[in-house]
Amino acid sequence: MKSFLEKYKYKLISACSFLFVLLVWQLVTDVFHLVSPVMLPSPTKILGTFWYKLTGGTVPDGSTLLENIWSSLKIALGGYCVGVLIGVPLGVGMAWSRKFELFAKPLFDIIRPVPALAWIPLMILWLGIGYGSKVGIIFFAAFISATVNSYTGIRRTSQVHLWVGKTFGATNRQLLFKVAIPTALPMIFTGLRLALGSAWVALVAAEMLAATSGLGYMIQMARMLGRPDVIIVGMLTIGFVGLMLNTGLEKLQKKYVRRGKQHD
Amino acid sequence: MERAEGNVGSPAAVLECRNVGRSFDSYDGGGKNEVLRGMDFEVHENEFLVLFGAGQCGKTTLLNILAGLDMPTEGQVLTRGKKVTGPAPERGMVYQKTSLFPWMTVEDNVGFGPKVQHMPENERQARIKKYLELVGLTGFEKNYPSQLSGGMRQRVGIARAYANQPDIMLMDEPFGHLDAQTRYMMEEELQRIWQKEKRTVIFVTNNIEEALFLADRIILLTNCPTHIKEEYIINMPHPRDYVDPEFLRLRQLITDNMDLTL
Ligand SMILES: Nc1ncnc2c1ncn2[C@@H]1O[C@H](COP(=O)(O)OP(=O)(O)O)[C@@H](O)[C@H]1O
Ligand SMILES: [Mg+2]
């Protein structure tokens, strides 16, 4: 018993704080009715709503939870893939070729500090409130992180490693693919993860302004219709799906970026 | 295996360094920082030449020029009579610090040269096997550099240079970062490897014992701007002994002649 306590001491402490908050929450809502359910529904109510939305309930926003998740994922992954497919080669190219850097970097530097959300009005104007405009917004969110990190990663290539490559007779192309890109790979993956984070954040914001379904749309509708339980279910789902996506990428990174550890 | 003493083989030079000078623009803008001046020497087939000089006197700068990674501001470098205009696989390099690719296994590091030159895979594998065996690292093929000790990493570096079968090997203080014990061991190891598979070597060091232990010939360098102060032909048989009277005599002779002004 003692060893069990020892072993899980820290986890137990964390679990206690969590349980404590849930308990107080339950007490002030359903038990003592200190807070109006219009402001803050009880944990059991939220759990019920979650179950209802998960098992096919479409009230109040018109879609089930899974439909909303799928709708959001389609947009997020669509914009993300385009952003990454353009951003990574752009970053690598600008870091590797001086001429290309001179050509592309000034333009990129102008776009770079513009937050992805600032593109929302223009995107709605150009593409309406359908799939395209949201993908466009996500694109900018993902594209910037992917480019910046790939660029920095390539720039970190060690001079000695390039010398080694050259003295072994590597061509410029081989230096890029066999020396610089492997060096940059951990940074490129960091960029992919940051890009996914930005994409997910931008998605929710974009859906709150221009959408007919999706998690962002769901919580926005719930606010208008006074359903705080649905808002909280939506928030937790957004957080959870974001976490899952990040974990997936981390797994991929572990698998493909082996022994990134530098020495000396 | 006994080998002939001193300068062996044909006197035809494998590499000639002709009146090479190198200046950099000064950091403070104005003048020039002259690092090398009038470096003039050659190295012969299968000769083990040691360039011996104090720290920061331009040894790395010189080797980079010999490798073709940097261009001299004066003079020229010739390999077998042809002017060096850039890096080439005939001139292999072993670096001061570990320069292994940390994302590649030992075997991929050693097979890197043959790979970029599109050698057929079975031939490449044979090369890897042969040279890992030569440096005594058979069994470590699948390890990553971060899993090896400093001495083992430098052995991989040596195997990698050998695997390309270069005409000449340039070694820039390859043991400078090792502890004294490992360093002695690696000097013996390198001597053994070199006896087994002879190459023309230019080896740079700031350690007189290392120089005397390995060299057929030692070129003593001055401080900046670096030029040649003296040349010594070392005729002692291998393996050499650090406390042999002749070893100690030469050690005294050479250190007395060094520039000690820093
Ligand atoms: N790229 C460079 N630009 C300017 N100065 C340099 C450069 N490389 C080397 N130097 C100068 O050359 C000197 C010798 O450097 P180096 O060849 O590394 O010496 P060593 O290898 O003997 O320690 C240094 O003190 C430095 O001032
Ligand atoms: Mg040096």
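Parameters at a glance
Residues numbered from 1 in each chain as written. Chains lettered and ligands numbered in written order. Predicted model: local features only at pLDDT ≥ 70, side-chain atom pairs only at ≥ 80, totals over all residues. Heavy atoms only, no water. Pairing = 2+ DSSP bridges. Helix = DSSP H or I, 4+ residues; strand = E, 2+ residues; numbered from the N terminus. Buried < 20%, exposed > 50% of the residue type's maximum accessible area, 1.4 Å probe, protein only. 1 Å grid on protein atoms, 1.4 Å probe; cavity = no way out; pocket = protein on both sides within 12 Å on 5 of 7 lines; lining within 4 Å. Points joined across faces, edges and corners; volume = space filled by probe spheres on them. Nonpolar A, V, L, I, M, F, W, Y, C, P; charged D, E, K, R; others polar. Domains from an automatic or database assignment. Contact = heavy atoms within 4.5 Å. Salt bridge = Lys/Arg side-chain N within 4 Å of Asp/Glu carboxyl O. Near = heavy atom within 4 Å. Polar contact = N/O pair within 3.5 Å; in protein donor to acceptor, adjacent residues only side chain to side chain. Areas by Shrake-Rupley, 256 points an atom, 1.4 Å probe, with all protein chains shown as cover. Axes fitted to C-alpha atoms, helices over the stretch in contact; angles between N-to-C directions.

Description of the sheet that holds strand β2 (residues 32–44) of chain B
Remark on secondary structure: sheet strands pair via backbone hydrogen bonds, oriented parallel or antiparallel.
All names here are of chain B.
Here is step 1 of the chain: With antiparallel pairing, the 4 strands of this open sheet are ordered in space as β2-β1-β4-β5. Each edge of the sheet is formed by a strand with only one pairing partner; in this case those strands are β2 and β5 (82–83).
Here is step 2 of the chain: Where strand β1 (residues 13–25) lies against β2, 9 bridges are found, and the strand directions are antiparallel. In the strand pairing of β2, Leu 15 is matched with Val 43.

So, the pairing of strand β6 (residues 91–94) of chain B
Residue and element names in this part refer to chain B.
Here is step 1 of the chain: Residue alternation in β6 divides its side chains into two sets, Arg 91 and Met 93 and Gly 92 and Val 94, and both sets are buried.
Here is step 2 of the chain: Pairing between β6 and strand β7 (residues 168–172): 4 bridges, direction parallel. Across the sheet, Gly 92 pairs through a bridge with Met 169, a residue of β7.

A few points about the layout of surface pockets
Residues and elements named next belong to chain A.
Here is step 1 of the chain: Counted as a void, the second largest pocket has a volume near 380 Å³.
Here is step 2 of the chain: Residue lining of the second largest pocket: 14 residues in total, with Ile 46, Leu 47, Phe 50, Ile 232 and Leu 236 positioned closest to the centre.
Here is step 3 of the chain: Where the lining of the second largest pocket is concerned, the elements lending two or more residues are α2 (9–31), α3 (43–54) and α11 (228–256).
Here is step 4 of the chain: For the lining of the second largest pocket, the residue count by class is 12 nonpolar, 2 polar and no charged.
Here is step 5 of the chain: Here the lining of the second largest pocket spans two domains, since at least three of its residues come from each of domain 1 (1–35) and domain 2 (37–256).

Quick word on the environment of Leu 66 of chain B
Residue and element names in this part refer to chain B.
Here is step 1 of the chain: The residue Leu 66 is located in helix α1 (residues 59–67) in this model.
Here is step 2 of the chain: When the C-alpha positions of Leu 66 and Cys 17 are compared, they lie 7.7 Å apart, and in sequence the two are 49 residues distant.
Here is step 3 of the chain: With near-sequence residues (within four places) excluded, Leu 66 lies in contact with Leu 15, Cys 17, Phe 41, Val 77, Val 84, Arg 91, Leu 170 and Ile 202.

Quick look at the pattern of salt bridges
Here is step 1 of the chain: Per the stated rule, a full pass over the model turns up 28 salt bridges over all chains.
Here is step 2 of the chain: Between Asp 61 of chain A and Lys 53 of chain A there is a salt bridge, and its shortest N-O distance comes to 2.8 Å. As far as the burial class goes, Asp 61 of chain A and Lys 53 of chain A line up, both buried.
Here is step 3 of the chain: A salt bridge links Glu 231 of chain B to Arg 217 of chain B; the nearest nitrogen and oxygen atoms lie 2.8 Å apart. In this pair, Glu 231 of chain B sits in strand β10 (residues 228–233) while Arg 217 of chain B sits in strand β9 (residues 217–221), placing the two residues 14 residues apart along the sequence.
Here is step 4 of the chain: Judged by relative accessible area, which is 3%, Arg 217 of chain B ranks as buried.
Here is step 5 of the chain: One continuous salt-bridge network, built from bridges that share partners, spans Glu 16, Arg 18, Asp 40 and Glu 42 of chain B.

Some details on empty space enclosed by the protein
Residues and elements named next belong to chain B.
Here is step 1 of the chain: Within the structure shown, the criterion is met by 1 cavity of 30 Å³ or more.
Here is step 2 of the chain: Size it by volume and the largest cavity reaches roughly 30 Å³.
Here is step 3 of the chain: Met 93, Val 94, Tyr 95, Lys 97, Thr 98, Ser 99, Leu 100, Arg 153, Gln 154, Gly 157 and Arg 160 are the residues that line the largest cavity.
Here is step 4 of the chain: If you list the elements that add at least two residues to the lining of the largest cavity, you get β6 and α5 (150–163).
Here is step 5 of the chain: The element that contributes the greatest number of residues to the lining of the largest cavity is α5, accounting for 4 residues.
Here is step 6 of the chain: Of the residues in the lining of the largest cavity, the class split is 4 nonpolar, 4 polar and 3 charged.

A word on the site of ligand 1
Residues and elements named next belong to chain B.
Here is step 1 of the chain: Residues in close proximity to ligand 1 include Phe 24, Tyr 27, Asn 33, Val 35, Gln 56, Cys 57, Gly 58, Lys 59, Thr 60 and Thr 61, which together make up its full environment.
Here is step 2 of the chain: Asn 33 places a side-chain nitrogen or oxygen 3.5 Å from an oxygen atom of ligand 1.
Here is step 3 of the chain: Contacts to ligand 1 include Cys 57, whose backbone N or O atom sits 3.1 Å from an oxygen atom.
Here is step 4 of the chain: Calculation on ligand 1 without its partners gives an accessible area of 560 Å², and the protein chains cover 70% of this total.
Here is step 5 of the chain: Sorting the residues of the shell around ligand 1 by element identifies β2 and α1 as the ones contributing at least two each.
Here is step 6 of the chain: For the shell around ligand 1, the element with the most residues is α1, which contributes 3 residues.

So, the sheet that holds β10 of chain B
Residue and element names in this part refer to chain B.
Here is step 1 of the chain: Pairing is mixed across the open sheet formed by 6 strands, whose spatial order is β6-β7-β8-β3-β9-β10. The sheet is open, and its two edges are formed by β6 and β10, each paired on a single side. Across the sheet, the mean angle separating the axes of adjacent strands is 15 degrees when strand polarity is ignored.
Here is step 2 of the chain: Pairing analysis gives 5 bridges linking β9 to β10, with the strands arranged antiparallel. Bridge pairing in β10 links Ile 218 to Tyr 232.
Here is step 3 of the chain: Lying over the sheet, α5 contacts β6 and β7, oriented at roughly 175 degrees with respect to β6.

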